[in-house]
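Structural characterization, general
In case you want the letters, here they are:
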Amino acid sequence: MRTVETPSGPIAYDDTGGDGPVLVLGHGLLMDGRQWRKVIPLLSGYRCITPTLPLGAHTTPMNEDADLSENGVACILADFLDVLGLDDVTLVLNDWGGGQFMISEGRDKRVGRLVLVSCTAFDNYPPKPARPAALLCRVPGGGWLLTRLFGTRFFRHSTRAYGALAKTGLPDALYDEWFRPAVENPAIRRDLVKFATGAPSRRRLIEMSARMSTFDRPVLVVWAREDRMMPLAHADRLVELYPDATKVIVDDSWTLVPEDQPEVMAEALRAFVK
């Protein structure tokens, strides 16, 4: 894994290399690029880049003064594209949709296409199943207490927690890797708490979402019909919001479409980015 320095701190990433179209694949809370491990092998001919954003599974802490709000992490993602000098990127977001705020922050110049895959949008930051954890993080010591739950079967596999993300389930070995940094490193835990408590008010979220309509480049909305965390109605709202948007609805999947339906996900990307 490679690392680059941004103004907010180091960002680790994997890069398949090559001269094909560039796909930058985002991830969700307490995850990393392995969220796309089933899809990337199906995308030969594309350059796939998976940054590990400071959402709790990163292994090196960010600067102490780093802005890790929704807007702040979106700007870190924009800084990452700047440092690598990438242009005409297809930005793909799944679960965490805050990368859209690159648009409201005026930082989207390097994005040529946008793919939104069952992700947070409008005022759904954080999604309903994640709100108790976000509230816990607002209590002194709450971040530490939250990490004590990471090893429990409830947190990992209940549909009221992380079990709501993938219909096929996720392996405990992968959860072990994703959760270990926040469990073992207080500075990573600090970053996690800053992000978990950094969502704007609902009123502000709606105001910021309205500004997304300025993005006039192609947008693909890929949504799981049975999603338990991201309302299906948001797929239609996103298509209406963006001037040049199309929609694909995926059956037999929950939020993590790359996990539940990797072949469908890869085909949707290939059809959208040629």
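Placed above this text is the structure.
Residues numbered from 1 in each chain as written. Predicted model: local features only at pLDDT ≥ 70, side-chain atom pairs only at ≥ 80, totals over all residues. Heavy atoms only, no water.

Omega for the bond connecting Tyr 125 with Pro 126 falls within 30 degrees of zero, at -10°, which places this linkage in the cis form. Tracing the sequence through the fold places Pro 126 in the loop between strand 6 (111-119) and helix 3 (131-136). Even without glycine at this site, Ser 118 takes up a positive phi of about 35°. Position of Ser 118 among the secondary structure elements: in strand 6. Overall, the relative accessible area of 0% leaves Ser 118 in the buried class. (Helix = DSSP H or I, 4+ residues; strand = E, 2+ residues; numbered from the N terminus. Buried < 20%, exposed > 50% of the residue type's maximum accessible area, 1.4 Å probe, protein only.)

Further remarks concern the packing of helix 6 (residues 172-184) against helix 7 (residues 186-196). At a minimum axis separation of 5 Å, helix 6 and helix 7 run at an interaxial angle of 105°. Relative to helix 7, helix 6 is oriented roughly perpendicular. Residues Pro 181, Ala 182, Val 183 and Glu 184 of helix 6 touch helix 7, and the partners they reach there are Pro 186, Ile 188, Arg 189 and Leu 192. Along the lines of polarity and charge, the residues of the contact of helix 6 with helix 7 split into six nonpolar, no polar and two charged. (Axes fitted to C-alpha atoms, helices over the stretch in contact; angles between N-to-C directions. Parallel < 35°, antiparallel > 145°, perpendicular 65-115°, else oblique. Contact = heavy atoms within 4.5 Å. Nonpolar A, V, L, I, M, F, W, Y, C, P; charged D, E, K, R; others polar.)

Turning next to the pattern of salt bridges. Once their charged atoms are close, side chains differing in charge can pair, the charge on each being opposite to the other. This structure, assessed with the given rule, holds 23 salt bridges. Here Asp 191 and Arg 190 are joined by a salt bridge, their closest N and O atoms 3.0 Å apart. Residue Asp 191 is classed as buried on the basis of its relative accessible area of 0%. Judged by relative accessible area, Arg 190 falls into the partly exposed class, the value being 26%. One connected set of salt bridges, linked through shared partners, spans Asp 79, Asp 82, Asp 87, Arg 107 and Arg 110. (Salt bridge = Lys/Arg side-chain N within 4 Å of Asp/Glu carboxyl O.)

Moving on to helix 6. Taking 1.5 Å per residue as the helical rise, helix 6 with its 13 residues ought to reach 18 Å, and the 17 Å between its terminal C-alpha atoms agrees with that figure. The largest bend in helix 6 amounts to roughly 35° and is located at Trp 178, with the proline Pro 181 lying one to four residues further along. Every buried residue of helix 6 is listed here: Leu 174, Tyr 175, Trp 178, Phe 179, Pro 181 and Ala 182. Each element contacted by the buried residues of helix 6 is listed here: helix 4 (142-149), helix 5 (153-157) and helix 7. (Expected span 1.5 Å × (residues − 1). Bend = angle between axes of the 7 residues up to and from the residue.)

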